[in-house]
Structure formats: structure tokens, C-alpha cells
Amino acid sequence: MPMTSSQDDLCALPVHALAPLIRDRQVSPRELVAACLARVERVDAALHAFVDVWADDALAAAAAAEQDIAQGQYRGPLHGIPVSLKDLVEVAGHRTTVGSAFFKDRVSTHTATLATRLVDAGAILLGKVHMVEFAFGGWGTNPRMGAPRNPWDPVQHRSPGGSSSGSGVSVASGMVPVSIGSDTGGSIRLPASMNGVVGLKPTAAAVSNHGVFPLSQTLDSMGPLTRSVEDAAHVFAAIRGADPFDAATALAPPDASVETLRQSIRGLRIGRVRASQLPDVDDQCLSSAAEASQVLQSLGAEIVDIELPRQPVDYCTGASHIIRTEGYANLANIIETPGADFGPAVRARVLAGKGGLAVDFARTLIERRADTAAMQRAMAQIDALLLPTTPMPSPPLSSVKEEHMPLSDLTRFVNYLGLCALALPCGVSRDGMPLSLQLVGGAFQESTVLRIGWAFEQATAWHRRRPDLSAYGATAT
């Protein structure tokens, strides 16, 4: 079915532009859902973002939203907005494969808290999107279920980032304005970086993990991928907060990310991580982050060069130990199933956690506590850190080596140290691929990184770049 120009226009809009149109009944939720479904039909055969599309359910929910709004029961900026879910978020009655052919027929019996909160806010669940098997990888590959295609290069199949690969692709290509991903070592921020969208990795205890298939209970975080920082703030406001089914969320303090979003950043101190602590980072990534810091300085922020207690990559050893140990604990009952067809790289990563000594895991957790305290001291006089999100632009998948995952060298420290972070577009590489800025805040400081990110977006146009989708059957938006 060919898309109309009005449908293309709707697919180009971020949530904060769509919301007033829906509220004022200039655009109906059914129109928007139909536009997204038409976009999926036109481009997803090539981009391979979706595992399942819930067209009938989405259209029914859109009709209900339209009726509510007509009766004066508008719920807020997510009312009538289509959302895709990474395929580890449980929704009762629907498949949750966790990116594995082993679970291709697994149907959820309960619904994740964050999915319930999205629906309560009026969002419309459009379906599930692809991911790296068991969320255990950064390149976005999946040899059994297929790797989504980065929409920025119609010639070479480049990394979409992982593990929330389908989330990044579904947002960048305009199939949905919002997707929910998970982040254990960078899995929201890497797809955001590779696909030129915004990704918010909240503090681990800010958003409930109830009903989310776990990789590492210590490090897993759930958050949004969107087309703007403002959109990310609205989604975060909807899904965050205490949940009696996830005890960790009892620690989450009140949040005012939406209310403080437009406040001036004048006087905020932003620590620019020294290039000497970022070895093996592509010069394009370094220069775009440096240029971004100059933009923030022009807006009144104070930029100070900062040296971290350790290089970001040095925290990866501890983070990886936690992930593989807890990953094996979560998957031990299936990963050695005779005849099961798991991806070889992911299977090897999971099995690397087998046989570890309890004393070594305990030492890692003790070291983590000391590392966290050292970082808190280092960040005591600043409001946020600034550095590239990834050490390179998206590479061709033919060039990646599955046994090495350098893509998360600059992101894993955030999870390991209990911080929050925002990834947002800040440039373009020499071969036309997106470049991304990472703003890192202390625990539960999402409002600060969102405020800085919003200010950056108002002064730049990088977040408004869209891939040319004509090669995939749709208009560029």
C-alpha cells in the first residue's frame, strides 16, 4: 500500500509535535497509527526491525483513544502515540522471544510494569522489535533471528547497535516515534548513536524491571529511544517510579525532568572527559563532542576538562564480570539444552559466566563499591560529564569481530557505577553516518542530563536529520 504524503508527514514528527495535534483533534490516533503501520509495511521488509506487529490491537486502542479524547479525557503527551517494545518486555498474550529462536513460540502470561504504565498514559503498543539474543551484545547482530538494518546506509549493512537494535531502527526510520529498550552496558545508547536518535539510560532503580527478561539484575536499566530529548523526558516521566514488584525502585526519588527541561543551563558545570582518557576513539567522534561542548559553553555552561579516576574502558572488566556471571545464572537452565540453536557468539558469552568462583564475584562487587565512591568524589563539583557515546561511527557488519565489543567501551562504566546517561545526535561522519554525544549524570540526575540535552537541541539541528528511506520504499523523513 503506497503511503500518502500526509502519512509521511506524520511519521516525521516527534512526540512533542504530535501531542498537541492529537489533543486538539487535528490528528486522530487512528490516523497516526495507520501512518505508522503503512510505514512498517513499506520499509520493514528491508529494515527488519519488527518481530511482531499488533496491527489489529493497535487500531482498536487508537479508536478507544480517539473516543476518550473526544469526550475530554485526554491523558497527556503520550495519549495516542505508537510505541514499539524491545522483545524482552512481557505483554500478556503476546510472544516474547528475547531475541532467541529458542523462545520463538514463548507467549507471555503477564505484562511488564513499564508496559502497563505506557498504556495507562495512553500510549499505543504497536508491537515488538528485534534485539541481540538475550540482550548480550553491542553490535546488533543476531544470526538466528536476523539483524535489523541501519537505515542510514542503503548500500552496506552497517551496525544498528545493540542490543536494542530494532528499537533504534524503528525510531530512526519513522516506523514509531518511541521505542523502549534495555541497557546493561550501553544497549539503549549504542543503537541511539548508530541510528542518529536520542536514547536515555536511566539510573537502574528509576524504572521498574518487573516483567522484563533479565540479563543482569545488578546493571539492567529500561528507558526510551526517541526523536528528541523532550520526547525522552515525557516517556521517562510515564514509566519511572516505585513499583511494589521491583524492590529496587523504592529508592527512586521524585523527578521533575519535564518541569525543569527548559530551564537555562547557564552556570552548570560540565566535565569534558580528557581525550587522553579516551584511547582508540575515532577522531570524528572526539571532534564532534568537542564542538558540542563549545555549543554548551556558548549557552552559558561552564566547561571544565576533567580526569576520571580511571579511563572509561577500564571499568569494562568489572562490568563484564557482573554481566556474564548474572547472565549465566539467568540462562543456565536453557543455554546448554541439547540441540538448541543459539547464536554461537552469544552462547560463548553466556557460558563464560559458568564456573566462576563466588569469591571473585564478591571481590568485583567490593571493587565496584570503591569505584563508585571514587567517581562520586570526582563528580562532586560538576553537574554532568561529556564524552562521545561510541568510539566509532557505525561500521559495516562485515567488518565486526564478535569476540570483541569495543562499541561499549565508553558506555559500560555508566551502568557499572550506577549513573544515568543521555545519548543524542551531535554530528555526521565523513561517510554520512550519525555521531553521538553522551551526557552522564549522577544517580537519579536524569533531569540534569535531559535539561542539558534539550538546550543543545535548541541550538543545533542534528536531531532533525533523517535517513533517506527512498531505497526502502518510503519518502525520506
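Our subject is the structure listed above.
Treat the numbers as computed from the prediction; the structure is a model and nothing was measured.

**Points about helix α4 (residues 55-70)**
- Given a rise of 1.5 Å per residue, 16 residues ought to cover 22 Å, and the 22 Å separating the end C-alpha atoms of α4 matches this to within 8%.
- Buried within α4 are the following residues: A58, A62, A65, D68 and I69. For α4, the angular spread of buried residues about the axis comes to 120°, placing them on one side.
- The inward-facing, buried residues of α4 contact α2 (15-23), α3 (29-47) and β3 (124-129).
- Phi for G72, located one or two positions after α4, is positive at around 80°.

**Overview of the sheet that holds strand β2 (residues 82-86)**
- Pairing is mixed in the open sheet, where eleven strands are placed in the order β1-β3-β2-β4-β6-β5-β10-β11-β9-β7-β8. Every interior strand has two partners, whereas the edge strands, β1 (50-53) and β8 (302-306), have only one. Neighbouring strand axes in the sheet, compared pairwise and without regard to direction, differ in orientation by 30° on average.
- Two strands pair when backbone bridges link them, and strand β7 (residues 269-273) and β8 are joined in this way by five bridges, in the parallel orientation.

**Observations concerning the nonpolar core**
- L118, L296 and F413 are the most contacted members of the largest nonpolar core, which has 131 residues in total.
- Among the elements that take part in this core, α3 stands out by supplying eight residues, more than any other.
- Judged by nonpolar contacts, the second largest core, of eight residues, contains L190, M392, L397 and L407.

**Structural notes on the side chain of R240**
- Looking at the element boundaries, R240 is found in the loop between α8 (229-239) and α9 (257-260).
- Of the polar contacts made by the side chain of R240, one reaches the backbone oxygen of P253; its length is 2.4 Å.
- Residues within four places of R240 in sequence aside, it is in contact with R117, A206, V207, A252, P253, P254 and D255.

**So, the environment of P143**
- Positionally, P143 belongs in the loop between β3 and α6 (165-172).
- In contact with P143, not counting residues within four places along its chain, are G343 and P344.

**Re the pairing of strand β9 (residues 384-388)**
- Along β9, five of the five residues are buried, which leaves the element largely enclosed by surrounding structure.
- When β7 meets β9, the two strands line up parallel, connected through three bridges. Following the sheet pairing, G271 is matched in β9 by L385.

**Comments concerning unusual backbone geometry**
- Residue S163 follows G162 across a cis peptide bond; omega there is 5°.
- A positive phi angle is found at A135, which is not glycine, with a value near 65°.
- For F444, which is not glycine, the phi dihedral falls at a positive 60°.
- For F444, the location among the structural elements is in the loop between β11 (434-441) and α15 (446-459).

**Focus: the pairing of strand β10 (residues 420-428)**
- Counting buried positions along β10 yields eight of nine residues, so the element is predominantly enclosed.
- Where strand β5 (residues 198-201) meets β10, three bridges bridge the pair, whose relative direction is antiparallel. Paired with G199 across the two strands is A423, which belongs to β10.
- For β10 and β11, the ladder comprises eight bridges, and the chain directions are antiparallel. From the neighbouring strand, P425 faces β11, where its bridge partner is S436.
- Taken together, β10 and the strand that follows it, β11, pair antiparallel across an intervening segment of five residues, in which G432 is found at a positive phi of about 85°.

Conventions we followed
- For every chain, the first residue of the written sequence is number 1, and numbering continues from 1 along that sequence.
- The model is predicted, so local features are restricted to residues of pLDDT at least 70 and side-chain atom pairs to those at 80 or more, both for listing and for counting; the totals for chains, interfaces and linings are taken over all residues.
- Values reported for side chains reflect all heavy atoms of the structure, with hydrogen atoms and water molecules removed beforehand.
- To qualify as a helix, a DSSP run of H or I must reach at least 4 residues; to qualify as a strand, a run of E must reach at least 2; elements of each kind are numbered from the N terminus.
- Here, expected helix span is obtained from the residue count minus one, scaled by 1.5 Å.
- Only protein chains enter the accessibility calculation, which uses a 1.4 Å probe. A residue is then buried if its area is under 20% of the maximum for its type, exposed if over 50%, and partly exposed in between.
- The arc in question is formed by the directions pointing from the helix axis toward the C-beta atoms.
- Contacts are assigned to residue pairs with any non-hydrogen atoms lying within 4.5 Å of each other.
- Pairing between strands is defined by DSSP: at least two bridges between them are needed.
- Angles here are taken between N-to-C directions and fall from 0 to 180 degrees, while the axes themselves are lines fitted to C-alpha atoms, restricted in helices to the stretch in contact.
- We define a nonpolar core as any set of buried Ala, Val, Leu, Ile, Met, Phe, Trp, Tyr and Cys residues linked to one another through side-chain atoms lying within 4.5 Å.
- Counted as a polar contact is a pair of N or O atoms within 3.5 Å, where, for protein atoms, one must be capable of donating a hydrogen and the other of accepting one, and residues adjacent in sequence contribute only when both atoms are in side chains.

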